[in-house]
Amino acid sequence: MMPTAFLDRLEKAYAEDAWQALVDSIPYAAYLGLVVDDSHDEMRLRMPFREDLVGNPTLSALHGGVIGAFLETTAMMSLLWKLKSPLLPKTVTVTVDYLRSSRREDIFAAGEVTKLGRRVASVRVVAWSRNRQRPIGETRTHFLVAEGGKP
């Protein structure tokens, strides 16, 4: 069962376009410092660079788990943004492709809902730093969006 406070923030996000408050209510997303960039016609998140998120000090590259969590969170937020439903989707599978090392800079991610059925949804997310055409990683995530055929 989903906590009432989270449902209230989800309803507020839909009603008032208050997505940052929803992201801030997710403990790991808040720890990562994720910021909603709502100046675009898509769900886009930014993760500010922090030294304590580095996984390879030789390259100063972000830890792969941090990037994976950032991609999965962006997928969930992209789906919630598109669904406009009080039901929280359940993650079924996540496939992360690490394409290049991130550097000492903020990274961005944007999601696209590629399939939205009655029971299952698929979301593709791309993460980049300076150039969206040169992604550092991407993910394909599948969600259960309804149980027993109920929306």
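Below is a summary of the structure that appears in this document.

Quick notes on the rules
- Residues numbered from 1 in each chain as written.
- Predicted model: local features only at pLDDT ≥ 70, side-chain atom pairs only at ≥ 80, totals over all residues.
- Heavy atoms only, no water.
- Salt bridge = Lys/Arg side-chain N within 4 Å of Asp/Glu carboxyl O.
- Helix = DSSP H or I, 4+ residues; strand = E, 2+ residues; numbered from the N terminus.
- Buried < 20%, exposed > 50% of the residue type's maximum accessible area, 1.4 Å probe, protein only.
- Pairing = 2+ DSSP bridges.
- Contact = heavy atoms within 4.5 Å.
- Axes fitted to C-alpha atoms, helices over the stretch in contact; angles between N-to-C directions.
- Polar contact = N/O pair within 3.5 Å; in protein donor to acceptor, adjacent residues only side chain to side chain.
- Expected span 1.5 Å × (residues − 1).
- Core = buried A, V, L, I, M, F, W, Y, C linked by side-chain atoms within 4.5 Å.

Let's shift gears to the pattern of salt bridges. Using the criterion set out here, one finds 10 salt bridges in the structure. Notably, a salt bridge pairs Glu16 with Lys12, separated by 3.9 Å at the nearest N-O pair. Pair noted here: Glu16 and Lys12 are both in helix α1 (residues 4-16), with a separation of four residues, about one helical turn. In this structure, the salt-bridge partner of Asp52 is Arg50, at a minimum N-O distance of 2.9 Å. Judged by relative accessible area, Arg50 falls into the partly exposed class, the value being 24%.

A separate point is the pairing of strand β6 (residues 107-116). For strand β2 (residues 44-47) and β6, the ladder comprises four bridges, and the chain directions are antiparallel. Each bridged residue has a counterpart across the sheet, and for Arg44 the counterpart in β6 is Ala110. With antiparallel pairing between neighbouring strands as the criterion, β6 and strand β7 (residues 120-128) make up a hairpin whose turn holds three residues.

Time to look at the sheet that holds strand β1 (residues 35-36). Taken in spatial order, the six strands make up an open sheet running β1-β2-β6-β7-β8-β5, and their pairing is antiparallel. On the outer flanks of this sheet lie β1 and β5 (90-98), each paired with one strand and no other. Relative to β2, β1 runs antiparallel, the two sharing two bridges. Each residue of the ladder has a partner; that of Val36, found in β2, is Leu45. Taken strand by strand, helix α4 (residues 64-83) contacts β2, β5, β6, β7 and β8 (137-144), and its axis lies near 50° from that of β6.

A few words on the side chain of Thr141. Relative to the elements of secondary structure, Thr141 occurs in strand β8. Only 3.4 Å separates the side chain of Thr141 from the side chain of Thr139, close enough to count as a polar contact. With residues up to four places along the chain from it excluded, the contact list for Thr141 reads Ala75, Thr91, Thr93, Val94, Ala121, Ser122 and Val123.

What follows concerns α4. Taking 1.5 Å of rise per residue, the 20 residues of α4 would be expected to cover 28 Å, and the 28 Å separating its terminal C-alpha atoms lies within 8% of that figure. The element α4 is extensively covered by neighbouring structure, given that 14 of its 20 residues are classed as buried. Lys84 occupies a position one or two residues after α4 and carries a positive phi of about 55°.

Moving on: the nonpolar core. Core analysis: the largest hydrophobic core is formed by 36 residues, its most contacted members being Trp19, Leu22, Leu34, Leu45, Met47 and Met77. Of all elements in the fold, only α1, α2 (19-24), α3 (27-32), β2, α4, β6 and β7 reach the threshold of two or more residues within this core. For this core, the leading source of residues is α4, giving 10 residues.

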